[in-house]
Amino acid sequence: KAGVTQTPRYLIKTRGQQVTLSCSPISGHRSVSWYQQTPGQGLQFLFEYFSETQRNKGNFPGRFSGRQFSNSRSEMNVSTLELGDSALYLCASRVVLQETQYFGPGTRLLVL
Amino acid sequence: DAKTTQPPSMDCAEGRAANLPCNHSTISGNEYVYWYRQIHSQGPQYIIHGLKNNETNEMASLIITEDRKSSTLILPHATLRDTAVYYCIVRGANYGGSQGNLIFGKGTKLSVKP
């Protein structure tokens, strides 16, 4: 079974721009969670989606948003990028009634 | 979810067993202990989880003390490829389908040396 895939793998943007990242979960996994990883703050939860609805949200500003499609694929969007948004963005999928999450390779975003 | 405490770093010789401890003294009766690891710049990888019995899979063994206040992840024959940050996470049983927010601490950086 194919793992979680994320596109693009690397991205460079400038301050003020917006960015959209994509995540395709493992087949049969309906829950997708997003995380941000920075050297200073470590791995932090952004939000979770399943059945096309946001179910859980971390402590991030409204510039960070997401959505999920009927095939469980998910996108996250960051608007008005700031230098501090430079990070590794990770997506994880799971079967809704199970805790174990399976992570993708991440998208490394650099904001200049 | 209960808080966990792990040593910031550990070394292990290649081919030897790596024993990574985790303290979770406030764990409650229905909370599981999960272990993930993250090899440099990759996504975290699930290793193993358990409730109160010891568990073993193809990657590792998990030993949970009888009082469940601490646990040890054992990599029986560590290789250079096991060099990674290892995270111990305590999670409640998920029946509501709304608990997709893993809380990662700083973990233990394991360095396997030749």
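Please refer to the structure higher up on the page.
Summarised in this report is the structure supplied together with it. (Residues numbered from 1 in each chain as written. Chains lettered and ligands numbered in written order. Predicted model: local features only at pLDDT ≥ 70, side-chain atom pairs only at ≥ 80, totals over all residues. Heavy atoms only, no water.)

### What to know about the pairing of strand β7 (residues 70-75) of chain B
- Here β7(B) shows one buried face, formed by B:Ser71, B:Leu73 and B:Leu75, and one open face, formed by B:Ser70, B:Thr72 and B:Ile74.
- Counted along the chain from strand β6 (residues 61-64) of chain B to the antiparallel partner β7(B), the turn is five residues long, and its residue B:Arg68 has a positive phi close to 65°. (Buried < 20%, exposed > 50% of the residue type's maximum accessible area, 1.4 Å probe, protein only. Helix = DSSP H or I, 4+ residues; strand = E, 2+ residues; numbered from the N terminus. Pairing = 2+ DSSP bridges.)

### Focus on the sheet that holds strand β8 (residues 84-92) of chain B
Residues and elements named next belong to chain B.
- The strand order across the open sheet built from five strands is β1-β9-β8-β3-β4, with neighbouring strands paired in mixed fashion. Either end of the sheet is taken by a strand with one partner, and the two such strands are β1 (9-13) and β4 (45-50). Strand-to-strand twist across the sheet, computed as the mean angle between neighbouring axes with direction ignored, equals 25°.
- Where strand β3 (residues 31-38) and β8 come together, eight bridges link them in antiparallel fashion. Across the sheet, the residue bridging to Tyr32 is Arg91, located in β8. (Axes fitted to C-alpha atoms, helices over the stretch in contact; angles between N-to-C directions.)

### A look at the side chain of A:Gln36
Residue and element names in this part refer to chain A.
- You can see Gln36 is positioned in strand β4 (residues 31-38).
- For Gln36, the side chain forms a polar contact with the side chain of Tyr89, separated by 3.0 Å.
- Excluding residues within four positions of it along the chain, Gln36 makes contact with Gly42, Leu43, Gln44, Leu46, Phe60, Phe64, Gly84, Asp85, Ala87, Leu88 and Tyr89. (Polar contact = N/O pair within 3.5 Å; in protein donor to acceptor, adjacent residues only side chain to side chain. Contact = heavy atoms within 4.5 Å.)

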